[in-house]
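# Breakdown of the fold
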Amino acid sequence: MLHEPAAKHEKDYAVSYKQRLGVWMFLVYAIIYAGFVAINLIDPSLMEATVLMGLNLAVVYGVALILFALIQAIIYNLLCLRQERIHQASAGEGN
């Protein structure tokens, strides 16, 4: 039984774009997460405040962080896919 890759891998011409985008998106997320940590360090009692439909700030902020990460992942995927298609189109014109 052969153990070969399921898909053919070619050179990724969008890798530098993907790296830059990933780093910037991580920094944005890290800053927002740092706000969560800062609230817990500076004044943890703020996390007990009811802010939305009977939920406290800790729950709302935590769920928002999770949802924000999922939204970032979808955006990252769409932007990278678009960039790959641009590179594929330009490679096709060069032939």
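Fair warning: this is a prediction, and the values are worked out from it, not measured in the lab.

What counts as what
Residues numbered from 1 in each chain as written. Predicted model: local features only at pLDDT ≥ 70, side-chain atom pairs only at ≥ 80, totals over all residues. Heavy atoms only, no water. Helix = DSSP H or I, 4+ residues; strand = E, 2+ residues; numbered from the N terminus. Buried < 20%, exposed > 50% of the residue type's maximum accessible area, 1.4 Å probe, protein only. Contact = heavy atoms within 4.5 Å. Areas by Shrake-Rupley, 256 points an atom, 1.4 Å probe, with all protein chains shown as cover. Polar contact = N/O pair within 3.5 Å; in protein donor to acceptor, adjacent residues only side chain to side chain. Expected span 1.5 Å × (residues − 1). pLDDT = per-residue confidence, 0-100. Phe/Tyr/Trp six-rings, centres within 6.5 Å; stacked < 30°, edge-to-face > 60°.

Moving on, we come to the overall build of the protein. A count of helices and strands for the protein gives two helices and two strands. In the protein, the order of α-helices and β-strands from amino to carboxyl end is α-β-β-α. Considering the protein as a whole, with its 95 residues, one finds that 13% of them fall into the buried category. When contacts within the protein are restricted to residue pairs at least 6 apart in sequence, long-range pairs at least 24 apart make up 61% of them. Total accessible area on the protein stands at roughly 7,600 Å², and carbon and sulfur atoms take up 68% of it.

A few words on the side chain of Lys-18. Summarising the element assignment, Lys-18 is placed in helix 1 (residues 15–42). A relative accessible area of 17% means that Lys-18 is categorised as buried. Side chain to side chain, Lys-18 and Glu-84 meet in a polar contact 2.3 Å long. Filtering out sequence-adjacent residues up to four positions away, Lys-18 remains in contact with Asp-12, Tyr-76, Cys-80 and Glu-84.

An ideal rise of 1.5 Å per residue puts 40 Å on 28 residues; helix 1 measures up with 40 Å between its terminal C-alpha atoms. Buried residues of helix 1: Tyr-17, Lys-18, Leu-21, Met-25 and Phe-36, and no others.

Take Gln-83: it is sitting in helix 2 (residues 57–94). Gln-83 sits in the buried class, given a relative accessible area of 15%. Among all residues touching Gln-83, those that are not within four sequence positions of it are Ala-14 and Tyr-17.

On to the confidence of the model for the protein, then. Here the protein averages 90 in pLDDT, while 95% of its residues score no lower than 70. At the level of individual helices and strands, the protein shows its lowest average pLDDT in helix 2, which scores 90, and its highest in helix 1, which scores 96.

So, about the packing of aromatic side chains. In total, this model carries three aromatic pairs according to the counting rule given. The interplanar angle of 5 degrees and the centroid separation of 6.1 Å between the aromatic rings of Tyr-29 and Phe-68 together place this pair among those described as stacked. With Tyr-29 in helix 1 and Phe-68 in helix 2, this pair connects stretches of sequence that are 39 residues apart. Judged by relative accessible area, which is 26%, Phe-68 ranks as partly exposed. Here a set of aromatic residues connected by ring pairs shows up, and it is made of Tyr-33, Phe-36 and Tyr-61.

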